[in-house]
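As a plain string of letters, each chain reads:
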Amino acid sequence: MVKHQPLQVYEKQVFVSFVTGIYGCRWKRYQRSQDNSSRWECTWFVILCSSFLLLLFWAYFWLVAQNDFNEFNWLVYNRSGEWRDETIPILASTTVGFSYITFLLILALFHISLGQQLNLYWVHKIGVLATLLTTISGVISVDDIWGDEWDILLLSLQSTAPFLHIGALVTVTAISWLVAGYVVRRERSNFQLMMLLIYMVILLAVYLAPLTFTCPCIMDRHSLRPRPDIIGRRGAPMLAPENTMVSFNRALQYGTSSLEADVTISVDGVPFLMRDRTLKRTTDVRKVFPVRQYDDASFFNWTEIRSLNAGQWFLESDPYWTVGTLTARDRSRIGNQTVCSLVEMLRLAARANGSALLNVRRPPPEHPRYRSWFMDTLWAVQKAGITQKRVTWTPDTDRGRVRGLPQTANEKLSVEEMRQRGITSLTLHYSKASHKDLQEYLANNVSVTVYPVNEGWLYSILWCSGVPSVSSDAPQVLRKVPYPIWLMSRNAYDFIWITSDLVSFAVVVGIFSFQKWRMRGMQSYNPEQIMLSAVARRSSREVNIMKEKLIFSELNNGLSSTEELCLYPENGYATYSHGELSH
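Enquirer: Let's hear about the nonpolar core: which residues, and what values?
Expert: Side chains of a nonpolar character, in soluble globular proteins, are inclined to be buried together. Ranked by size, the top nonpolar core spans 68 residues in total, and within it Phe61 and Trp62 carry the most contacts. Of the residues forming this core, the biggest block, 10 residues, is contributed by helix 2 (residues 39-64). Those residues in contact with phenylalanine 61 that lie beyond four places of it in its chain are Val142, Trp146, Glu149, Trp150, Ile152 and Leu153.

See the structure below:
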């Protein structure tokens, strides 16, 4: 009796089944293939990589844009008329989309490394397209609503570039395994040479990228200037309603040296603090004066303004997700806040031995105080009893009438122009304050205040740049930065940079050498050696593939039913017998 042996005993490939099953819904061995991927599937792989890069850029943008979330919500409010935190759905969708695309890309790279044919499942193709189109529409919308915010990307590189360089170095070094495996394993072709050339150009660009970096915190520790003063921008608006006495008190508690406020003139000539053109967002005007809720705030008299509640909206809307941290006493105080007058704020600054930065909004031409708003503001400063040298004024017009008060400008000016106009300081948005310009201003003894600075990384690079003061919505955050987040000498960074490049280069050369040796060993196998040699050890994956192809090719060539071809994976022997038991 003839004993039949199975042609092939397949080992379970759980990991391969997991990768191909999730990526292409090919859970069975017969569904998989190790042939070259089709051009269509290669196109989808390119789309997947493009989606990943776009989402990586998008996620990084929102990571560094946290500094200006308050500004974004305010811009959206001015367009829609409703205040809500629009960043929450954006961050949630970005996190889900980036995680999904990253997972698919990892599966695709595993396909390539395992030699499996790419075949993205149609459901994933719809998901990738939907994610890509959603991200593109988001980029277009942000460019329309918040186009100036793109500047923060270049600024953030002053803080993150050294760390992003290390991450890019690790990534391109790891990718060399796939590139080397593709380049050395087949006959030479123009496409292989092109892939190798592109990879080498990218690798060289990453190696030399630090030559283009401008990082203020790469400096000698002894050259570090004193810690920048913090100005409470509208107080501490993340902890209490903006432009209220509670907010200004909170700012002083967190160590601010100055207070910044937006000043509006009432119809009866009383300067009060209000950022918006209307009273709708930060008061209960829609309940008290429902017909006038869209009227300009300056057309209310002080009695009417004082009757409004300016704190309840903060407790109800919780714009910064901080209400839950407040005590019952704090909530009670906030709930009873009224609109703050300029005199009250200046008196508080005087008692705290601080200073004030005023952004005065001139009333419209039809306003009864259109011509006297300047004197109304000066009267409030004098009534508060604060020294005029401690009050900085930033009116857009009538600058020549400002006498005895330090003058500042909200626009970028040359040193010569500042001297001609009698301006002693600048208040600039961080996007307008380049490192080169800051050094020029400081060299000419020009005081510069940069706003808004709400994140530690931005505060750190401005500190390293020598900025004397910053204006912040989050003094409680900056208080936790007693020293720049990172500070490194030029010699130390150059050592890290060169060492990292050399280690990466050595690893890449080693990977290419190993892949070439590995492929040369695979090519040394031939069908006769596989069929006739008795190998005591377990066969490699590539050898098993060759065995399978040889066996099935022999069957297709017409082996008789009495012939038997046996493969014994358990002992490594492969034999052939004709009408009898194999040995």
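Alright, that's what it looks like, and here's the rest.
Enquirer: Requested: an account of helix 3 (residues 69-80), with residues and values cited.
Expert: Note that an α-helix has 3.6 residues per turn; residues three or four places apart therefore point the same way. Between its first and last C-alpha atoms helix 3 spans 16 Å; for 12 residues at 1.5 Å apiece the expected length is 16 Å, and the two agree. In the core, the buried residues of helix 3 are packed alongside helix 2, helix 4 (87-114) and strand 1 (229-233). Looking one or two residues past helix 3, glycine 81 carries a phi angle of roughly 85 degrees, positive in sign.

Enquirer: How would you explain the packing of helix 6 (residues 151-184) against helix 17 (residues 456-465) if you had to name every residue and give the values?
Expert: The geometry of helix 6 relative to helix 17 is characterised by a closest axis approach of 9 Å and an angle of 70 degrees between their N-to-C directions. One element, helix 6, and the other, helix 17, form an angle in the roughly perpendicular class. Mapping the contact onto sequence places Ile152, Leu155, Ser156, Gln158 and Ser159 in helix 6 and Trp457, Leu458 and Ile461 in helix 17. Taken together, the residues that form the contact of helix 6 with helix 17 break down as five nonpolar, three polar and no charged.

Enquirer: Lay out the pairing of strand 4 (residues 355-360) with the relevant residues and their values.
Expert: With five of six residues buried, strand 4 lies mostly within the body of the structure. Bridging between strand 2 (residues 258-265) and strand 4 involves six bridges; their strand directions are parallel. Residue pairing for strand 4: valine 263 is matched across the bridge by valine 360. Note: strand 4 against strand 5 (residues 391-393), three bridges, orientation parallel. When the sheet's bridge partners are listed, alanine 356 is paired in strand 5 with valine 391. One crossover worth recording links strand 4 to the parallel strand 5 by way of helix 14 (residues 373-384), and it is right-handed.

Enquirer: Now, about the side chain of arginine 275: what can you tell me, with residues and values included?
Expert: On the secondary structure map, arginine 275 appears in the loop between strand 3 (271-273) and helix 9 (285-288). Separated by 3.3 Å, the side chains of arginine 275 and glutamate 71 make a polar contact. Each residue touching arginine 275, except ones within four places of it in the same chain, is listed here: Asn70, Glu71, Trp74, Arg234, Glu242, Asn243, Asp262 and Arg281.

Enquirer: Kindly report on the pattern of salt bridges, identifying the contributing residues and their values.
Expert: Applying the stated criterion across every chain yields a total of 17 salt bridges. The salt bridge partner of arginine 361 is aspartate 296, with a shortest N-O separation of 3.3 Å. Placement of the pair is arginine 361 in the loop between strand 4 and helix 14 and aspartate 296 in the loop between helix 9 and helix 10 (302-306), with a sequence separation of 65 residues. Note on arginine 361: relative accessible area 27%, which makes it partly exposed.

Enquirer: Mind laying out the packing of helix 4 against helix 5 (residues 122-145), listing which residues take part and the relevant values?
Expert: Viewed as axis vectors pointing N to C, helix 4 and helix 5 meet at an angle of 135 degrees, and their least axial separation amounts to 11 Å. The angle between the axes of helix 4 and helix 5 places the two elements in the oblique class. At the point where helix 4 passes helix 5, the crossing takes the left-handed sense. Contact residues: Gly97, Tyr100, Ile101 and Leu104 in helix 4; Val123, His124, Gly127, Val128 and Thr131 in helix 5. The class makeup of the residues in the contact of helix 4 with helix 5 is five nonpolar, four polar and no charged.

Enquirer: Please give an account of the state of the cysteines that cites residues and values.
Expert: Cysteine pairs can be covalently joined through their sulfur atoms, and such a bond is termed a disulfide. Counted according to the given criterion, the structure contains one disulfide. Through a disulfide, cysteine 217 is tied to cysteine 464; the S-S separation comes to 2.3 Å. Since a negative S-S torsion denotes a left-handed disulfide, the cysteine 217-cysteine 464 link at about 95 degrees is right-handed. With cysteine 217 in the loop between helix 7 (190-208) and strand 1 and cysteine 464 in helix 17, this residue pair connects regions lying 247 residues apart in the sequence. Since its relative accessible area comes to 1%, cysteine 217 is described here as buried.

Cut-offs used in this document
- Residues numbered from 1 in each chain as written.
- Predicted model: local features only at pLDDT ≥ 70, side-chain atom pairs only at ≥ 80, totals over all residues.
- Heavy atoms only, no water.
- Core = buried A, V, L, I, M, F, W, Y, C linked by side-chain atoms within 4.5 Å.
- Buried < 20%, exposed > 50% of the residue type's maximum accessible area, 1.4 Å probe, protein only.
- Helix = DSSP H or I, 4+ residues; strand = E, 2+ residues; numbered from the N terminus.
- Contact = heavy atoms within 4.5 Å.
- Expected span 1.5 Å × (residues − 1).
- Axes fitted to C-alpha atoms, helices over the stretch in contact; angles between N-to-C directions.
- Parallel < 35°, antiparallel > 145°, perpendicular 65-115°, else oblique.
- Nonpolar A, V, L, I, M, F, W, Y, C, P; charged D, E, K, R; others polar.
- Pairing = 2+ DSSP bridges.
- Right-handed = clockwise from strand over helix to strand, strands pointing away.
- Polar contact = N/O pair within 3.5 Å; in protein donor to acceptor, adjacent residues only side chain to side chain.
- Salt bridge = Lys/Arg side-chain N within 4 Å of Asp/Glu carboxyl O.
- Left-handed = near helix turned anticlockwise from the far one by under 90°.
- Disulfide = S-S within 2.5 Å.

All quantities given are derived from atomic positions and should not be read as evidence of function.
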